[in-house]
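# Coordinate analysis (summary)
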Amino acid sequence: MGMEAIGREAVRVVVKTPERMRELGQRLAPLLRAGDLVLLSGDLGAGKTTLTRGLGEAMGVRGAVTSPTFVIARVHPSLTGGPALVHVDAYRLSGGLDEMEDLDLDVSLPESVVVVEWGEGKVEELSEDRLQLVIHRAVGEVASGNGQEDHDVREVVVTGVGARWAGEDLAALGE
């Protein structure tokens, strides 16, 4: 996987297949700890849920990670004594933080890893510290290769926001 650092806390990773997107989620898991907020953005079908599935597998949580579109949020308890994974689809959440708390999730957000799809402009106030992953469909020379698979190529820009991420080496995600 290609990778270049953008400043200190942002990393760009080129992901060529859905399987690689899952692996990126798996590589993300060791960096995360209870209380972390991860914002995933990208078009429909960009790979947000695929990435979260890999994350859940590596975190050792219960239940298959599927898109939480209709339930808004799904809690995956840890099977290994680690933090639960709370997978949120904020697409229908208009009120952001207040509405998140109103969901009455059977879990404490500060003791969980919270992954939010479609969360921009809605959940930033949940935490000063967050990890933002923006998934772009790759265009141009990144995608030109061997014809058929080009539509699967994604570029993921990972940015650590806040003191929590200041010291983290996100470059490892690109390996």
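Thresholds applied
- Residues numbered from 1 in each chain as written.
- Predicted model: local features only at pLDDT ≥ 70, side-chain atom pairs only at ≥ 80, totals over all residues.
- Heavy atoms only, no water.
- Phe/Tyr/Trp six-rings, centres within 6.5 Å; stacked < 30°, edge-to-face > 60°.
- Lys NZ or Arg CZ within 6 Å of the ring centre and 35° of its normal.
- Core = buried A, V, L, I, M, F, W, Y, C linked by side-chain atoms within 4.5 Å.
- Buried < 20%, exposed > 50% of the residue type's maximum accessible area, 1.4 Å probe, protein only.
- Helix = DSSP H or I, 4+ residues; strand = E, 2+ residues; numbered from the N terminus.
- Contact = heavy atoms within 4.5 Å.
- Salt bridge = Lys/Arg side-chain N within 4 Å of Asp/Glu carboxyl O.
- Axes fitted to C-alpha atoms, helices over the stretch in contact; angles between N-to-C directions.
- Parallel < 35°, antiparallel > 145°, perpendicular 65-115°, else oblique.
- Left-handed = near helix turned anticlockwise from the far one by under 90°.
- Nonpolar A, V, L, I, M, F, W, Y, C, P; charged D, E, K, R; others polar.

We now examine the packing of aromatic side chains. One pass over the structure, following the stated rule, counts 1 aromatic pair. Note that K48 overlies the ring of W118, its terminal NZ or CZ placed 4.4 Å from the centroid. Note that R164 overlies the ring of W165, its terminal NZ or CZ placed 4.0 Å from the centroid.

By size, the foremost hydrophobic cluster in this structure holds 28 residues, and its most contacted members are L28, L131 and L133. Broken down by secondary-structure element, the contributors of at least two residues to this core are β2 (10-15), α1 (18-28), β3 (37-42), α2 (48-59), β6 (112-117), β7 (130-137) and β8 (154-161). Setting aside residues no more than four positions away along its own chain, L133 makes contact with L28, V38, L39, L40, S41, L51, V156, V157 and V158. Listed in part, the 12 residues of the second largest apolar core include L39, I72, A73 and V116.

Quick look at the environment of Q26 now. Among the secondary structure elements, Q26 is positioned in helix α1. Judged by relative accessible area, which is 28%, Q26 ranks as partly exposed. Between the alpha carbons of Q26 and T52 there is a distance of 8.5 Å; along the sequence they are 26 residues apart. What Q26 contacts, discounting residues up to four positions off in sequence, is G54, L55, E57 and A58.

What follows is about the pattern of salt bridges. A full pass over the atoms with the stated rule returns 7 salt bridges. Between E155 and R12 there is a salt bridge, with its nearest N and O atoms 3.5 Å apart. Taken together, the residues span a long stretch of sequence, with E155 in strand β8 and R12 in strand β2 at a distance of 143 residues. Of the charged contacts, one joins R20 and E23 as a salt bridge, the two residues approaching to 3.5 Å between their closest N and O atoms.

This part covers unusual backbone geometry. One non-glycine residue, W118, lies in positive phi territory at about 60 degrees. Positionally, W118 belongs in the loop between β6 and β7.

Residue placement: G56 occurs in helix α2. Accessibility expressed as a relative area gives 2% for G56, which makes it buried. C-alpha separation for the pair G56 and H76, spaced 20 residues apart in sequence, amounts to 7.9 Å. For G56, the contacting residues outside a window of four places in its chain are V61, V65 and L85.

You can see D89 is positioned in strand β5 (residues 84-89). You can call D89 buried: its relative accessible area is 2%. Leaving out residues up to four positions away in the same chain, D89 has contacts with S67, P68, T69, I72, E117 and W118.

The contact between α1 and α2 brings their axes to 6 Å, and the two run at 45 degrees. Classified by the angle between their axes, α1 and α2 sit oblique to one another. Where α1 crosses over α2, the two elements pack in a sense that is right-handed. On α2, the residues touching P18, M21, R22, L24, G25, Q26 and L28 of α1 are T50, L51, R53, G54, L55, E57 and A58. Each residue belonging to the contact of α1 with α2 can be placed in one class, and the counts come to 7 nonpolar, 4 polar and 3 charged.

These results come straight from atomic positions and should not be treated as a statement about function.
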